[in-house]
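What the coordinates show
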Amino acid sequence: TGKESFMWLKTLGLILVIASCSGIGAEAVHRLRERLRLLETLRRMASHMKGEILYANVPLAEALYRTGKRNKGAAGELFIAIATELEQETGESFEAVWRAKAGKFAAGSVLNKKEQEQLLRFGESLGYLDRDMQEKAILFYLEDLEHSIETLRKEEPEKSRLFFGMGILSGLFLAVVLI
């Protein structure tokens, strides 16, 4: 019975190792899909902001606030937080406010380094420009987002299979090593 319970514990341990490695692979797939969703949200928000600035003719802070209100989640909260700080007129430039808030948001998000830099660059070029230049900055950011989304959509099925498969295979490898 002592030997049977040891074998039972060993088998349970092996199953847990395989399951946890598979879970790590599944989490990588989830993060990839979450990144795609966030990029699509940012694209929708930038497009909405363009409409607010160009067609509704509202100031930048109000455009950020309205856009943030229309979009739930962390990205919407980011825009609302930036708009709120701008309306408080603390004396900080738009660029400084954007860099602080968006930098914190980007660092805690699923965006990769390139996408984080694009987000920061977008805000830096947006704040001190006239409407024409703001439109060009938004269009440039939308173009960057479109490229990132298109690339990620092409890569996503293959990467998802790879991540999940590597999770399972690494679990099996560890189980073999532990036996």
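Structure's up top.
Residues numbered from 1 in each chain as written. Predicted model: local features only at pLDDT ≥ 70, side-chain atom pairs only at ≥ 80, totals over all residues. Heavy atoms only, no water.

**A short note on the nonpolar core**
Counting residues in each nonpolar core, the largest one holds 39 residues, and the members touching the most others are Met49, Leu64, Trp98 and Leu119. Only helix H1 (2-54), helix H2 (60-70), helix H3 (74-87), helix H4 (94-107), helix H5 (113-126) and helix H6 (131-178) provide two or more residues apiece to this core. Top contributing element to this core by residue count: H1, with 9 residues. Among all residues touching Leu119, those that are not within four sequence positions of it are Leu42, Trp98, Ala102, Phe105, Ala106, Leu111 and Tyr141. (Core = buried A, V, L, I, M, F, W, Y, C linked by side-chain atoms within 4.5 Å. Buried < 20%, exposed > 50% of the residue type's maximum accessible area, 1.4 Å probe, protein only. Helix = DSSP H or I, 4+ residues; strand = E, 2+ residues; numbered from the N terminus. Contact = heavy atoms within 4.5 Å.)

**Describing the environment of Gln118**
Following the sequence through the fold, Gln118 ends up in helix H5. Considered as a pair, Gln118 and Glu40 are 78 residues apart in the sequence and their alpha carbons are 14 Å apart. Apart from residues no more than four positions distant in its own chain, Gln118 is found in contact with Tyr141, Asp144 and Ser148.

**Considering the pattern of salt bridges**
On inspection of all chains with the given rule, the structure shows 12 salt bridges. Of the charged contacts in the structure, one is a salt bridge between Arg35 and Glu115, with a shortest N-O distance of 2.9 Å. Here Glu115 lies in helix H5 and Arg35 lies in helix H1, a separation of 80 residues in the sequence. (Salt bridge = Lys/Arg side-chain N within 4 Å of Asp/Glu carboxyl O.)

**What to know about the packing of H1 against H6**
Taken N-terminus to C-terminus, the directions of H1 and H6 make an angle of 175°; their axes are 9 Å apart at the nearest point. Put simply, H1 runs roughly antiparallel to H6. Taken together, the residues of the contact of H1 with H6 sort by class into 29 nonpolar, 9 polar and 12 charged. (Axes fitted to C-alpha atoms, helices over the stretch in contact; angles between N-to-C directions. Parallel < 35°, antiparallel > 145°, perpendicular 65-115°, else oblique. Nonpolar A, V, L, I, M, F, W, Y, C, P; charged D, E, K, R; others polar.)

**Points about a nonpolar patch on the surface**
On the surface, Trp8, Leu9, Leu12 and Leu16 cluster together into a nonpolar patch covering about 440 Å² of accessible area. Here Leu9 lies in helix H1. The class of Leu9 is exposed, set by a relative accessible area of 51%. (Patch = residues over 30% accessible without salt bridge, like charges linked within 9 Å, V, L, I, M, F, W, Y side chains within 5 Å. Areas by Shrake-Rupley, 256 points an atom, 1.4 Å probe, with all protein chains shown as cover.)

**Regarding the environment of Ala96**
Turning to its location among the elements, Ala96 is positioned in helix H4. C-alpha of Ala96 to C-alpha of Glu124: the two residues are 28 residues apart in sequence and 8.1 Å apart in space.

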